[in-house]
Amino acid sequence: MYNRKSMTATEFIDDAEIQRSLEYAAANKHNAALIDDILTRAADMKGLNHDEAAVLLECDLPEYNRRIEELAMKIKQRNYGNRIVMFAPLYLSNYCVNQCRYCPYHHSNTHIARKKLTQEEIIAEVTALQDMGHKRLALETGEDPVNCPIEYVLESIKTIYSIKHKNGAIRRVNVNIAATTVENYRKLKEAGIGTYVLFQETYHKASYEYLHPAGPKSNYAYHTEAMDRAMQGGIDDVGIGVLFGLDKYRYDFVGLLMHAEHLEAAMGVGPHTISVPRICPADDIDVKDFSNAVPDDIFTKIVAVLRVAVPYTGMIISTRESPASRARALRLGVSQISGGSRTSVGGYTEAERPHDSEQFDVSDQRTLDEVVAWLMDLGYIPSFCTACYREGRTGDRFMRLVKSGNIANVCQPNALMTLKEYLEDYASPETRAKGLALIEREIPHIPNEKVQETVRLHMQELEDGSRDFRF
């Protein structure tokens, strides 16, 4: 029985409710009056329920699809402006006891190089990331309670935050590790993590169990209920996502929104971020083995409808996607991207990109500086800001700030000041020139004139060697 407030996975992600929603969407995909009404209400930026979003996703009327994209762009601009938050993944270990059929880290893969970073190697990796200019990391590990226990993760977080190299510092560590206990989530919170991220992979229970035949991750309920435990453990910001292509995209799209609705209803605040990865080639993994792989046009539509459905939730796209695909997704709703990523354990200290321990093939292999310059060429402000997390603006406090429309007086100046740090410390001469011109163009767009004055003062102080200003 469907109950979005239930703490039982199969009740807040109810198969019968998803099937009913998909049937409703199919029956109404050409219902112009209904679609008009959905788009009119969505323009108020109050979000959509899973039924309404499913109708928009199913709609194949060209005029309405154009309107969906236009609305997605309008909502993105209103809530996020032209700011794009930058981050990088850091793989600590690829030891794993699970047998996930879509991941090369699966336990029976005997030819992938298994690695686990020592604390000294973490220092070297983080130093390399700081030398690129990164301030925000996403920790990644396989699931292995012997080789990668929670104590190792906690020690690694402490090490990362302690590293101050030249003007570099990692100011926010997000964590993507296996589902765990309330007690362990409490420990992660005390360690100072930003967002806890965990992908559902697929919400279709039978497919989930087929794709995870052995290992702790095979427990659908324990995995699906992880975000509830994380928030019970005090973590304010959680990030959800599916791996599109593992099952039918319509099913997982509805399940994703039902999960967001559940967190809002049961925990008082929805997800801080939604990630939209899709299945891609990797060691021991062939996309041809997955008949539900999502083509570019459908992927673009998913991004657009998600932005309309969850207007205040950050959206993340990784280097799985090509530059062209990332550009389309940025235009329609994505607000965070990785840059200069290596998806292998120890990859940042290697002169050549290693492939023997990658989790997935990287389509966008540009350096961080190249990505920053590209973003500015597209009219975006690359942001290295971590201020909200450090100022306690997390969970419902962050959402209230976004919904009020006052976020621009915080995020816009923080984005520009952290970009200035990057330009002073790490950028190539060409990128620096582009960035300085962009900053001059953008400061007048900060709504509050006093904030504009303060930003100009801090810009000079940054040029003189000061660092880490924030609103």
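First, a word on what this report is: a plain description of the structure on this page. (Residues numbered from 1 in each chain as written. Predicted model: local features only at pLDDT ≥ 70, side-chain atom pairs only at ≥ 80, totals over all residues. Heavy atoms only, no water.)

### Some details on the overall build of the chain
Argument step 1. Counting secondary structure elements, the chain contains 20 helices and 11 strands.
Argument step 2. Taken against the 2.2 N^0.38 rule, which gives 23 Å for 471 residues, the C-alpha radius of gyration of the chain at 21 Å falls within 12% of a compact globule.
Argument step 3. Sequence separation of at least 24 residues holds for 74% of the intrachain contacts in the chain that already meet a minimum separation of 6.
Argument step 4. Of the roughly 17900 Å² of accessible surface on the chain, 50% is carried by carbon and sulfur atoms.
Argument step 5. Averaging the locations of the 55 positively and 66 negatively charged side chains of the chain gives two centres separated by 4 Å. (Helix = DSSP H or I, 4+ residues; strand = E, 2+ residues; numbered from the N terminus. Rg over C-alpha atoms; globule rule 2.2 N^0.38 Å. Contact = heavy atoms within 4.5 Å. Areas by Shrake-Rupley, 256 points an atom, 1.4 Å probe, with all protein chains shown as cover. Lys, Arg positive; Asp, Glu negative; His and termini not counted. Charge placed at Lys NZ, Arg CZ, Asp CG, Glu CD.)

### Structural notes on the packing of aromatic side chains
Argument step 1. Tallied over the full model, the rule gives five aromatic pairs.
Argument step 2. Between Tyr91 and Tyr105, the ring centres sit 6.4 Å apart and the planes meet at 90°, which makes this aromatic pair edge-to-face. In this pair, Tyr91 is assigned in strand E1 (residues 83-93) and Tyr105 in the loop between E1 and helix H6 (119-132), connecting sequence segments 14 residues apart. When sorted by exposure, Tyr91 lands in the same class as Tyr105, which is buried.
Argument step 3. A centroid spacing of 5.2 Å and a plane angle of 10° characterise the contact between Phe384 and Tyr422, whose relative ring orientation is stacked. (Phe/Tyr/Trp six-rings, centres within 6.5 Å; stacked < 30°, edge-to-face > 60°. Buried < 20%, exposed > 50% of the residue type's maximum accessible area, 1.4 Å probe, protein only.)

### A look at the pattern of salt bridges
Note on pairing: side chains with opposite charge can pair once their charged atoms come close.
Argument step 1. All chains considered together, the criterion is met by 33 salt bridges.
Argument step 2. Lys189 is the partner of Asp236 in a salt bridge, and the nearest nitrogen-oxygen pair spans 3.4 Å. One end of the pair, Asp236, is in the loop between helix H11 (226-232) and strand E7 (237-241); the other, Lys189, is in helix H8 (residues 182-190), with 47 residues separating them in the sequence.
Argument step 3. By relative accessible area, which is 25% here, Asp236 ends up partly exposed.
Argument step 4. With relative accessibility at 36%, the residue Lys189 sits in the partly exposed group.
Argument step 5. Taking the shortest distance from any N to any O, the salt bridge between Arg278 and Asp296 comes out at 2.6 Å. Residue Arg278 is located in the loop between strand E8 (273-275) and helix H13 (296-309), and its partner Asp296 is located in helix H13; the two are separated by 18 residues in the primary sequence.
Argument step 6. Looking at Asp296, the relative accessible area reads 40%, which means it is partly exposed.
Argument step 7. Among the ionic contacts, a cluster of salt bridges with common partners joins Arg171, Arg390, Glu391, Glu421, Asp468 and Arg470. (Salt bridge = Lys/Arg side-chain N within 4 Å of Asp/Glu carboxyl O.)

### Some words on the pairing of strand E5 (residues 172-176)
On any regular strand, side chains alternate: one points to one face of the sheet, the next to the other face.
Argument step 1. Counting buried positions along E5 gives five out of five residues, so the element sits mostly inside the fold.
Argument step 2. The two faces of E5 match: Arg172, Asn174 and Asn176 on one face and Val173 and Val175 on the other face are all buried.

### Observations regarding the packing of helix H7 (residues 150-162) against H8
Argument step 1. The interhelical angle for the contact between H7 and H8, taken along N-to-C directions, is 10°, at an axis separation of 10 Å. Between H7 and H8, the crossing angle belongs to the class labelled roughly parallel. Mapping the contact onto sequence places Ile150, Glu151, Val153, Leu154 and Ile157 in H7 and Asn184, Lys187 and Leu188 in H8.
Argument step 2. Grouping the constituent residues of the contact of H7 with H8 by class yields five nonpolar, one polar and two charged. (Axes fitted to C-alpha atoms, helices over the stretch in contact; angles between N-to-C directions. Parallel < 35°, antiparallel > 145°, perpendicular 65-115°, else oblique. Nonpolar A, V, L, I, M, F, W, Y, C, P; charged D, E, K, R; others polar.)

### A look at unusual backbone geometry
Argument step 1. Not every positive phi belongs to a glycine, and Met45 is a case in point at roughly 60°.
Argument step 2. Secondary-structure assignment places Met45 in the loop between helix H3 (32-42) and helix H4 (50-58).
Argument step 3. Judged by its relative accessible area of 11%, Met45 falls in the buried class.
Argument step 4. The backbone phi angle of Lys166 is positive, close to 55°, even though this residue is not glycine.
Argument step 5. Take Lys166: it is sitting in the loop between strand E3 (164-165) and strand E4 (168-169).
Argument step 6. Given the relative accessible area of 72%, Lys166 is considered exposed.

### Quick look at the nonpolar core
Argument step 1. Ranked by internal contacts, the top residues of the largest apolar core, which has 144 residues, are Leu188 and Ile337.
Argument step 2. Here this core takes nine residues from helix H12 (residues 249-267), the largest share from any one element.
Argument step 3. Filtering out sequence-adjacent residues up to four positions away, Leu188 remains in contact with Ile150, Val153, Leu154, Ile157, Ile177, Ile193 and Ile235. (Core = buried A, V, L, I, M, F, W, Y, C linked by side-chain atoms within 4.5 Å.)

### Concerning the side chain of Thr195
Argument step 1. Of note, Thr195 is situated in strand E6 (residues 195-197).
Argument step 2. Residues within four places of Thr195 in sequence aside, it is in contact with Arg172, Asn174, Val175, Asp237, Val238, Gly239, His272 and Thr273.

### Description of the environment of Ala260
Argument step 1. The residue Ala260 is located in helix H12 in this model.
Argument step 2. Overall, Ala260 belongs to the buried group, its relative accessible area being 8%.
Argument step 3. Taking the C-alpha atoms as reference points, Ala260 and His204, 56 residues apart in sequence, are found 16 Å from one another.
Argument step 4. Sequence-distant contacts of Ala260, defined by excluding residues within four places in its chain, comprise Ile240, Gly270 and Pro271.

### Things to note about H7
Argument step 1. Between its first and last C-alpha atoms H7 spans 19 Å; for 13 residues at 1.5 Å apiece the expected length is 18 Å, and the two agree.
Argument step 2. By the burial criterion, the buried members of H7 are Ile150, Tyr152, Val153, Leu154, Ser156, Ile157, Thr159, Ile160 and Tyr161. (Expected span 1.5 Å × (residues − 1).)

### Points about the environment of Ala26
Argument step 1. Within the secondary structure, Ala26 sits in helix H2 (residues 15-27).
Argument step 2. The partly exposed category is assigned to Ala26, whose relative accessible area is 40%.
Argument step 3. The spacing of Ala26 and Val55 is 29 residues in sequence and 7.2 Å in space, taken between C-alpha atoms.

### Describing the side chain of Arg136
Argument step 1. The residue Arg136 is located in strand E2 (residues 136-141) in this model.
Argument step 2. In this structure, Arg136 is buried with no salt-bridge partner, the nearest side chain bearing the opposite charge being Asp237 at 7.8 Å.
Argument step 3. Of the polar contacts made by the side chain of Arg136, one reaches the backbone oxygen of Cys385; its length is 2.6 Å. (Polar contact = N/O pair within 3.5 Å; in protein donor to acceptor, adjacent residues only side chain to side chain.)

### Things to note about the environment of Pro311
Argument step 1. By the secondary structure assignment, Pro311 is in the loop between H13 and strand E9 (314-317).
Argument step 2. Judged by relative accessible area, Pro311 falls into the buried class, the value being 4%.
Argument step 3. On a C-alpha basis, the gap between Pro311 and Asp14 in space is 24 Å, while along the polypeptide they are 297 residues apart.
Argument step 4. Setting aside chain neighbours within four positions, we find Pro311 in contact with Met45, Gly47, Ile75, Asn79 and Tyr80.

The values reported here are purely geometric and, on their own, carry no functional implication.
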